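A structural walkthrough
The lines below spell out each chain.
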Amino acid sequence: MNFSTVLGHQTYHFADLKTLLAKASPARSGDYLAGIAAATREERVAAQWALADVPLAAFLQNPLIPYEQDEVTRLILDSHDPDSFTILNAMTVGDFRNWLLSDAADSNALTAIRKAVTPEMAAAVSKLMRVQDLILVARKCRVTTAFRNTIGLPGCLSTRLQPNHPTDSAAGIAASIVDGLLYGNGDAVIGINPATDNIQQVTTLLHLLDDFISRFEIPTQSCVLTHVTNSLLAMEQGAPLDLVFQSIAGSEAANRSFGIHLDMLKEARQAALELKRGTVGNNVMYFETGQGSALSANAHHGVDQQTMEARAYAVARAFDPLLVNTVVGFIGPEYLYDGKQIIRAGLEDHFCGKLLGLPMGCDICYTNHVEADQDDMDMLLTQFAVAGGTFIMGIPGSDDVMLNYQTTSFHDALYVRQVLGLKPAPEFERWLVRNGIFNETGGLATGAALPDSFQKWLRLEQQHGQ
Amino acid sequence: MASDDLPEDKHLIRNDWSVLREFTPARIGLGRAGTSLPTRVNLQFQLDHARARDAVLAPLDVPGLQMQLGAIGLASQAVKSMAHDRHTYLQRPDLGRTLQSTDARLLREQWHGKAPWDIAILVADGLSSLAVERHAVPLLQRLLPLLQPQYRVAPVCVAEQGRVSLGDDVGEALQAKLVLVLIGERPGLSSPDSLGIYLTWQPRRGRTDADRNCISNVRPEGLDYAAAAQTCAYLVAGAFKAGLSGVQLKDQSRVLENTALNAIPFLANHSLPTIIPE
């Protein structure tokens, strides 16, 4: 299958679907690095023009990565729902955009077509969409999940409290958890990136989080973001594990570079389900993704990075996750060069994830070797929240002292909740009010002193003299 | 900046729990203006970001590092990746992973015939030359006595504009059984000088992250040299024993001082279970 567009005297040819998708992709450094991006701006638009005429059904007939070679392709095609696809069957990618933007595509209609949409269809239509389109359609998608609270209800924005410490010091982690809770953060998950993959340390951190959640009776869940095989070992040793974490990507080869395959995720999910630790729901998986990871592992098969990212969501949705987080600015300038590319990528990922039915959060972040700053993050944060983003990170003062990058702060979550009238998960919000952290109208109630409920457990006065 | 450093201002709300900053370098208890960051706190962040950006661009003093290595009795060899400058390095990871062919030949001709090396060591600037200049030599001083004489260690290679996978090229050129890459990690706001150690069994071009073990944040304020050296030696021994590295090689060492690390002095009735390894 090849494609062409005539623009004036110039005819543009595109050899196959993956070439067309790559050339139609909005500019980003990773696609240039891979040597698959459009050579000129005009060629990019020519590709978008041709892409608009491609029938959605073509993505089912022409897998970008061969079915025989790749278990992610097999997962995508084997789980496609032909019944709900009937409404989309006659549409081109251009028609699909028009339909998504129309009143016909309301929340119920978008829910009904989830299993009919493949990652490639979502990625393709996103390439024809402006930022406002990505926001408008994503906002109409409804995805809720649950474990000890309910994530993703309309009008809610949750936060992952990320209390990382450079050496996994329990006191250091606990100090950041206290700070985050007192700033109303932590309803999506309290999730630690451990500094090492030491099994004993992972298990100790799981006990630490379990202790906090039980002691303060917090309706939230915990996670230690370690390799899935470590989580399996920890569960075997009887550790109190709520959510299984894993980084995932959009091809079998990229997942292999992470040391995983689909059966391994299935086994871990089953083990976590058997622990029955959820109280209001059973979504036990937490996945992280990010554009560029497949290329970084040289496992992109010539497919553009945004489409590869969307394919990772097919992996995610096979395991009914509580949370999926696109870590959009972590990977560096060779994949997303600057604030402009990071912002667009974050909104594309959110749109594609939501369209496929995932509880999409965004690690709105940047590293110190990329052309971006706090202003860029404020723009993505505001736009992501307007788009109905499910959750963001919350860390003290935006500075992750273990992973060495900047993401959204506890304060940032309060900013965006304030300007857009958003709330945490309802179970968690009631806990905040009960503990004197929020007032009845959802505003931050804490003064200089600890609320009474925290004074029962914390002994700050002893620290003053040291 | 803790909130008790903040000037008097009736629109500022401080946080008494900022005293907990003694337990973490994280920016906790910052206080607030409304729900936003106070002015001074915000300016401190901007300053730290500016410094971290500058650190990324600082070049590695290769002759200086080689002199430091010489001073502790280590032979070294300067090599370069295919990325010629910082700008190229930042946008072309493929070039930063590849050894210049002249250097690959040099390593093969000068060094690989000398002995069957067990371990090759590459010190690379990565994203923080500061980390390498401060921590590579003190770390090696503690690590090498744990590796020698059991393992034959090749002369230390020092690379400019190098990424982790450059170690695969170096290890392959030297025909080493295992490579250790000591590399400057991306600078953080509070830590412009974190060193990472990556261990790869049978280094060959095409190895992936799943084939490596990583020890991160090596610096006195993070994982100190002695602990990092112990963990590294533990993993090296494990790699030689199992004939592999990466996700299948688990760090079950107990070098981390769990008792001290797991104490939370400010939390009432606190006790975490003691984990007994199997």
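**Concerning unusual backbone geometry**
For the peptide bond that leads from Gln148(B) to Pro149(B), omega is 5 degrees, which places it in the cis range. Within the secondary structure, Pro149(B) sits in the loop between α6 (129-147) and β5 (156-160). If you check the backbone angles, Ser398(A) has positive phi at about 65 degrees while not being a glycine. Assignment of secondary structure puts Ser398(A) in the loop between β12 (391-394) and β13 (399-400). The residue Asn404(A) is not glycine, and still its phi comes out positive at about 60 degrees.

**Quick word on the sheet that holds strand β6 (residues 189-192) of chain A**
Residues and elements named next belong to chain A. Read from one edge to the other, the open sheet built from eight strands follows the order β7-β6-β5-β12-β11-β10-β9-β8, with strand pairing classed as parallel. Two strands in the sheet have a free side with no partner beyond their single neighbour: β7 (222-224) and β8 (244-247). Going from strand to strand, the sheet's axes swing by 25 degrees on average, the running direction of each strand aside. Pairing of strand β10 (residues 323-327) with strand β11 (residues 360-363), which is carried by four bridges, proceeds in the parallel orientation. Opposite valine 324, over in β11, you have methionine 360 as the bridge partner. Against the sheet, helix α19 (residues 374-386) contacts β11 and β12, and its axis sits at roughly 175 degrees relative to β11.

**What to know about the sheet that holds strand β7 (residues 195-201) of chain B**
Residue and element names in this part refer to chain B. One open sheet holds the six strands; their spatial order is β3-β5-β4-β6-β7-β8, and the pairing between them is mixed. For this open sheet the edge positions go to β3 (76-80) and β8 (212-218), each flanked by a neighbour on one side alone. If you compare each strand with its neighbour and ignore which way they point, the axes differ by 20 degrees on average. Together, β4 (119-124), β5, β6 (178-184), β7 and β8 form the strand contacts of α6, whose direction differs from that of β6 by roughly 150 degrees. Here helix α8 (residues 225-242) sits on the sheet and contacts β4, β6, β7 and β8; the angle it forms with β7, its principal contact strand, is near 10 degrees.

**Some details on the pattern of salt bridges**
All names here are of chain A. The tally for this structure, following the rule as stated, stands at 28 salt bridges over all chains. In this structure, arginine 160 and glutamate 288 form a salt bridge, with 3.3 Å as the shortest nitrogen-oxygen distance. Separated by 128 residues along the polypeptide, arginine 160 in strand β5 (residues 158-161) and glutamate 288 in strand β9 (residues 285-289) bring together distant segments of the chain. One salt bridge in this structure joins aspartate 242 and arginine 277, with 2.7 Å as the shortest N-O distance. Pair noted here: aspartate 242 is in the loop between α13 (228-236) and β8 and arginine 277 is in the loop between α15 (262-275) and β9, with a separation of 35 residues, a long-range link.

**Observations regarding the environment of Ala294(A)**
Residue and element names in this part refer to chain A. Relative to the elements of secondary structure, alanine 294 occurs in helix α16 (residues 293-296). Along the backbone, alanine 294 and serine 257 are 37 residues apart, and their C-alpha atoms lie at a distance of 8.9 Å. When near neighbours in sequence (up to four residues on either side) are disregarded, alanine 294 contacts Ala254, Ala299, His300 and Met308.

**Overview of the interface of chain B and chain A**
Contacts between the two partners involve 75 residues from chain B and, on the opposite side, 81 residues from chain A. Of the roughly 6,600 Å² buried at the junction of chain B and chain A (both faces included), carbon and sulfur atoms supply 57%. Between chain B and chain A we count three salt bridges in total. For Asp399(A), the salt bridge identified is with Arg27(B), shortest N-O distance 2.8 Å. Where chain B meets chain A, there are 27 residue pairs in polar contact (both at pLDDT 80 or more). Elements represented by at least two residues in the side of chain B that touches chain A include exactly α1 (39-57), α3 (86-91), α4 (93-96), β8 and α9 (258-261) of chain B. Top element by residues in the side of chain B that touches chain A is α1(B). It accounts for six residues. Of the residues that constitute the side of chain B that touches chain A, the class distribution is 33 nonpolar, 24 polar and 18 charged.

**Here's the deal with the packing of α19(A) against helix α20 (residues 410-420) of chain A**
If you want to describe how two helices pack, look at the angle between their axes and the distance between the axes. All names here are of chain A. Where α19 meets α20, the axes come as close as 10 Å, and the angle between the chain directions of the two elements is 50 degrees. In terms of orientation, α19 lies oblique with respect to α20. As for the relative orientation of α19 and α20, their crossing is right-handed in sense. Residue-level inspection shows Leu381, Thr382, Ala385 and Val386 of α19 in contact with α20, the latter providing Asp412, Tyr415, Val416 and Leu420.

**Here we look at the side chain of Arg28(A)**
Residue and element names in this part refer to chain A. Looking at the element boundaries, arginine 28 is found in the loop between α1 (17-24) and α2 (29-33). Arginine 28 gets classed as buried once you look at its relative accessible area, which sits at 1%. For arginine 28, the side chain forms a polar contact with the main-chain oxygen of proline 26, separated by 3.1 Å. Dropping the residues within four chain positions of it, arginine 28 is found in contact with Gln291, Gln305, Gln306, Tyr335, Leu336, Gln341, Arg344, Ala345 and Glu348.

**Description of the state of the cysteines**
By the definition in use, this model includes zero disulfides over all chains. Just so you know, Cys352(A) is unpaired, no disulfide at all, and the nearest cysteine sulfur is the one on Cys141(A), 10 Å from it. Take Cys157(B): it sits in no disulfide, and the sulfur closest to it among the cysteines is that of Cys232(B), at 16 Å. When its relative accessible area of 1% is taken as the criterion, Cys157(B) is described as buried.

**Remarks on the pairing of β3(B)**
Residues and elements named next belong to chain B. Side chains Gln77 and Val79 project from β3 onto a buried face, and the interleaved Ser76, Ala78 and Lys80 project onto a face without burial. The pairing of β3 with β5 spans five bridges and is classified as parallel. Within β5, the position partnered with lysine 80 by the bridge is glutamate 160.

**Some details on the environment of Arg41(A)**
Residue and element names in this part refer to chain A. Tracing the chain through its elements places arginine 41 in helix α3 (residues 41-52). The exposed category is assigned to arginine 41, whose relative accessible area is 72%. Sequence separation between arginine 41 and histidine 300 is 259 residues; the distance between their C-alpha atoms is 23 Å.

**As for the packing of aromatic side chains**
For the structure shown, the criterion picks out 14 aromatic pairs over all chains. Judged by centre distance (5.1 Å) and plane angle (50 degrees), the ring pair of Phe23(B) and Phe266(B) falls under tilted. Taken together, the positions of Phe23(B) in the loop between β1 (12-13) and β2 (32-33) and Phe266(B) in the segment after α9 put the pair 243 residues apart, joining distant regions of the chain. One exposure class covers both Phe23(B) and Phe266(B), and it is buried. In this structure, Arg163(B) is placed above the aromatic ring of Tyr89(B), and the distance from its NZ or CZ to the ring centre is 4.7 Å. In this structure, Arg186(B) is placed above the aromatic ring of Phe330(A), and the distance from its NZ or CZ to the ring centre is 4.4 Å.

**Notes on helix α9 (residues 119-126) of chain A**
Here α9(A) lies mainly inside the structure; eight of its eight residues are buried. Among all positions of α9(A), only Pro119(A), Glu120(A), Met121(A), Ala122(A), Ala123(A), Ala124(A), Val125(A) and Ser126(A) are buried.

Conventions adopted
- Residues numbered from 1 in each chain as written.
- Chains lettered and ligands numbered in written order.
- Predicted model: local features only at pLDDT ≥ 70, side-chain atom pairs only at ≥ 80, totals over all residues.
- Heavy atoms only, no water.
- Helix = DSSP H or I, 4+ residues; strand = E, 2+ residues; numbered from the N terminus.
- Pairing = 2+ DSSP bridges.
- Axes fitted to C-alpha atoms, helices over the stretch in contact; angles between N-to-C directions.
- Contact = heavy atoms within 4.5 Å.
- Salt bridge = Lys/Arg side-chain N within 4 Å of Asp/Glu carboxyl O.
- Buried area = accessible area lost by both parts, 1.4 Å probe.
- Polar contact = N/O pair within 3.5 Å; in protein donor to acceptor, adjacent residues only side chain to side chain.
- Nonpolar A, V, L, I, M, F, W, Y, C, P; charged D, E, K, R; others polar.
- Parallel < 35°, antiparallel > 145°, perpendicular 65-115°, else oblique.
- Left-handed = near helix turned anticlockwise from the far one by under 90°.
- Buried < 20%, exposed > 50% of the residue type's maximum accessible area, 1.4 Å probe, protein only.
- Disulfide = S-S within 2.5 Å.
- Phe/Tyr/Trp six-rings, centres within 6.5 Å; stacked < 30°, edge-to-face > 60°.
- Lys NZ or Arg CZ within 6 Å of the ring centre and 35° of its normal.

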